[in-house]
Every structure is written in C-alpha cells, then in structure tokens.
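Spelled out from the first residue to the last, the chains are:
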Amino acid sequence: MFKKILVANRGEIAIRVMRAARELGIKTVAVYSEADRDALHVRYADEAFPIGPAPAVHSYLHIPNIINAAVQTGAEAIHPGYGFLSENHRFADVCRIWGITFIGPSPAAIERMGIKAQARETMRAAGVPVVPGSPGVVTSVEEAERLAAEIGYPVLVKASGGGGGRGIRIVESPDQLAESLERARREALSAFGNGDLYLEKYLRNPRHIEIQVLADTHGHIVTLGERESSLQRRRQKILEEAPSTALTPELRAAMSQAAVAAARAVEYTSAGTIEFLLDDQGQFYFMEMNTRIQVEHAVTEMVTGIDIVKEQIRIAAGEPLSFDQSQVELRGWAIECRINAEDPDQQFRPSPGTVTAWELPAGPGVRVDSGAGPGTQVQPFYDSLLAKLVTWGRDRDEAIARMRRALDEFVIEGVKTTRELHRRLMDDPDFQAGRLSTNFLAERVPGA
Ligand code: ADP
Ligand code: ADP
Ligand code: MG
C-alpha cells in the first residue's frame, strides 16, 4: 500500500479523499492555490504544497506544478478527485511517465470514454443501447441535416468534449440547425478546446439513472446499484438518491449488466459511472461514462456500506476487490442535497462572499461532506459546492424526513445557498411520490 498520496483537488472532495487515506494509514499532501491558503483541505492534510495563482488554469489545472508538488513531497500516487484533471488522459499519462500512480483508470480508458461521440460507437459495438443519434462526430451542416431528419426533431447538439452540463443545445426544427451548430462549435471550442459536435435525439421527459461500477486490475467488475440524478438545473445535478423509485429488480439487473459490458469494453479499472437516460416505456440508453469518482458517490456508500474512495485507492495499489457481487446488498434509502453558494432566485447565479455563520446538522442518519466552515471565503474562481448533505433512512420516507430535519438544523449565513430550495423540494408532493424527470426543476423554478 502507498505511504503517501497527493490530492490534486480542493474543497469537499479533497477532504473526502484524505479521510479515506487516513483510514488506510496513508499520509496526505494537499495542494493549494494562492486563494486557498487558508482553506480547510489545506489544514486537514498532513502537509501542503502551493501550486500557483488563483485561476485554476494556473494552479489546479497546471500539470507541471502538480507533478512538481508530488515529486517534492515524495507522494507515490495522485488522486484527482472530480472536475479539474480527473478526466484528463494526458495528465494520467504524465503521472505514469514520472513513476507516480494515478488513482483512476488507465489513460486509454479515459480517452476512449472522454471523446463522447466516439464512446457512443464503442458502446454500440459492445451491445449497450445508446440514445439514437449520429454515428460519431458530424462533419458538415448537410450531414447534420440528413441525420437530424432521420433521428427526428427535436435533436440535441452536444459537444464531444463536453462535461459539467455545458455544451448542449436543443434544436426544435430544421431551420435552426445550421445556426445552432455554428454557435455550439464556437462555444465548445472556447470551453473545451474541442469544437467537435454530435447529435442525439432529445428525449422529452427522461429520468437520469446511473450505475456505479468498481473494477480492479485482476479482471473483477462489480456494480453497486443505481443512483437517480434527475433533479437538475441547467443539466447540472442538484439532488441525487439511491436507489431510484423508477427501477424494478429486473430493470436494475438489466442496467447493471449493460454497465458491466460498457466497463469491459474499455478494460476499465477503478471507480466509474455509466450514465443512462430512462424513458417512460422502461427503455434505457447509454449517455456517457464518467471515468472518475462522482460528486454523488456518497449516496451509494450509504446504501451499500462500501467506501468507494478506499476501494479506488486499493485498486490503484494493485489489490483485488475485497468483496464480490454476491456480497453487495442495497439497504435502505439515501438522499444527497448539494448545498451550493448560489442564488436560486437569480437563475442560480454564484454567490461568492464570506460565510459568517455555519452550524452543521447532525444526528441519526446524517452525513455532511464539506470543504467550508465559519469564516470560509467562497471564491469566485471555483465550483460553488459548499457541502453535500446526505441522509439515510430505512426507507425513502425516513430519508426525506431526516433531510427535512437536517436542512432545518443547517445554519449558513453570509452567502446565498440552495438550502431553502431543497427544503421546499422535501415538501413537494411529486418529489415525495418519486414522480421525477430531468425537467422536474425547470417546471417549478424559474431559471432552472
Ligand atoms: P455532461 O457530460 O455535461 O454531464 P450528459 O451527456 O451527461 O452531459 O448530459 C447532461 C444532462 O443533459 C443529462 O443528465 C440530461 O438531463 C440531459 N440530456 C443529455 N442528453 C439528453 C438527451 N438525449 N435527451 C434529453 N436530455 C438529455
Ligand atoms: P457528477 O457527474 O460527479 O455528478 P458534475 O457533473 O456535477 O459531477 O461535475 C463535477 C465537477 O466537474 C463540476 O465542478 C463540473 O463543473 C466539473 N466538470 C465535469 N466535467 C467537466 C468538463 N468536461 N469540463 C469542465 N468541468 C467539468
Ligand atoms: Mg453527465
């Protein structure tokens, strides 16, 4: 096992990873930008190393500075968390060249799944159902027009290098297609450095269901059930739960089997998530694979009792999985509310500033993963996630009742947050009945 690892991230996920390392008896190195000198993840680590100015391109995304930090501190492995460098196959490869273990999948698996237009083809070949759409990247307006007519409007134009809910556009009719392609290409180029686009049929009222996989370097792959991430604003998740009210045991088995086929097709190792859309006929379609730990992994940990981050670290150290599929049992229900520093009344605009008061909820069935505290300066440079509030109950009703109670206990002052939005959601009869879709929030909250 490793003696020391570096966590190339900040905020709640950096602390989450360090907690796993600490339980495994591994020393931790934090890295920090100039804006994060006093951040909690820096204080939590055994040692900390500065990596540059506040803008992420000069620090958390700057590969030479991160490698230098690992070399200087003698870290044997790097955990990238989510976002930042976590799905950058070049970074994973640079780690390999420097003799540092990247705690994640192989560079080849990251690359094959990261080019989303190409991943669809890999999945189709592996027998995994994909959303109807273009076979790969669209190369001309004429080709796009022909394909969109075949697929049927409305279609989505999606950036092949996209992520984080960005780079997706709805096209309702043929006359909008050429202009949408042009705009999407320009946006994708500036946001992701890659202007490649592909088309997908726009599913009207789908649910977002994803399957967690863990695969070791000895050929074992297990699935840890599903999460439902249908509650989104602007295609970004805000509340997740496990299991999903939409799945029967048969559907869960079928989706899990497809997820294993997907992982096998790219010889996947480490933790990963296969994202699917599920329509109201019970048909599911591969959307993409996230080749990293996800924000919402905690709900799966609550219902399985498996520490996904510790497994990731063990897998990277070459250990076989410590359990097999028959030992995975789903118990009870878990819900996660993302408490973001943003204003739901102002189109979810980020709300940077100083946290003046902060009291965490506690008690039975409550878990909080957070990188903030009293006095925290919420930076405009980074993601607005302040805390993940997770509750567990024997059933969904108990998880909701605990979430309602925990949201009431949670005191945050100084910045606007999504806390009250979540509190209203807990009282929504459709949410309580599990009648969800990816349009749920947009139908209720202006600007979502
Ligand atoms: P990202 O890489 O940004 O996460 P995804 O492909 O996972 O992009 O899509 C993000 C979200 O956009 C999904 O969770 C879903 O709500 C919506 N979406 C994506 N593709 C479709 C589609 N074909 N039809 C309807 N909604 C979609
Ligand atoms: P998850 O898929 O784990 O639920 P999110 O979609 O919320 O997570 O993304 C996690 C973080 O990673 C967010 O900060 C998001 O903005 C960022 N992110 C994910 N993919 C990309 C990408 N391709 N480019 C830039 N940021 C990304
Ligand atoms: Mg996604």
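**Student:** I would appreciate a short explanation of the coordination of the magnesium ion (ligand 3) in the present structure.
**Tutor:** Ideal values for angles at a metal depend on the geometry: 109.5 degrees with four tetrahedral donors, 90 or 180 degrees with six octahedral donors. Around the magnesium ion (ligand 3), the donor atoms from the protein are E275 (OE) and E288 (OE), and they sit 1.9 to 2.1 Å away. Of the two residues, E275 sits in strand 12 (residues 270-278) while E288 sits in strand 13 (residues 284-290), which places them 13 residues apart along the sequence. Each member of the pair E275 and E288 is classed as buried.

**Student:** Looking at this model, I keep getting lost on the packing of aromatic side chains. Mind explaining?
**Tutor:** Within a pair of aromatic rings, the relevant descriptors are the distance that separates the centres and the angle that separates the planes. In this structure the tally under the stated criterion is seven aromatic pairs. For the pair F276 and F284, a centre-to-centre distance of 5.4 Å together with 85 degrees between the ring planes defines the contact as edge-to-face. Across the pair, exposure class does not vary: F276 and F284 are buried alike. With centroids separated by 5.8 Å and ring planes inclined at 55 degrees, the aromatic side chains of F381 and Y382 adopt a geometry described as tilted. Classification of Y382 by relative accessible area gives buried; the value is 9%. Chaining the aromatic ring pairs together yields one cluster made of Y60, F84, F381 and Y382. It is R396 that lies over the ring of F431; its NZ or CZ is 4.7 Å from the centre.

**Student:** Looking at this model, I keep getting lost on the nonpolar core. Mind explaining?
**Tutor:** In globular proteins that are soluble, nonpolar side chains generally tend to be buried together. One finds L389, M426 and F431 to be the most contacted residues of the largest nonpolar core, which totals 34 residues. Listing elements by their share of this core, those giving two or more residues are strand 11 (236-242), strand 14 (333-340), strand 19 (366-370), strand 21 (385-393), helix 12 (396-409) and helix 13 (419-426). The dominant element in this core, judged by the number of residues it contributes, is helix 12, at five residues. If sequence neighbours within four positions are ignored, L389 has contacts with I335, E336, C337, I339, P361, V366, R367, V368, M403, A406, L407 and F410. Judged by nonpolar contacts, the second largest core, of 30 residues, contains A14, A20, L214 and I308.

Each value, and the rule that gives it
- Residues numbered from 1 in each chain as written.
- Chains lettered and ligands numbered in written order.
- Predicted model: local features only at pLDDT ≥ 70, side-chain atom pairs only at ≥ 80, totals over all residues.
- Heavy atoms only, no water.
- Donors = N, O, S within 2.8 Å, 3.2 Å for Na, K, Ca; no water.
- Helix = DSSP H or I, 4+ residues; strand = E, 2+ residues; numbered from the N terminus.
- Buried < 20%, exposed > 50% of the residue type's maximum accessible area, 1.4 Å probe, protein only.
- Phe/Tyr/Trp six-rings, centres within 6.5 Å; stacked < 30°, edge-to-face > 60°.
- Lys NZ or Arg CZ within 6 Å of the ring centre and 35° of its normal.
- Core = buried A, V, L, I, M, F, W, Y, C linked by side-chain atoms within 4.5 Å.
- Contact = heavy atoms within 4.5 Å.

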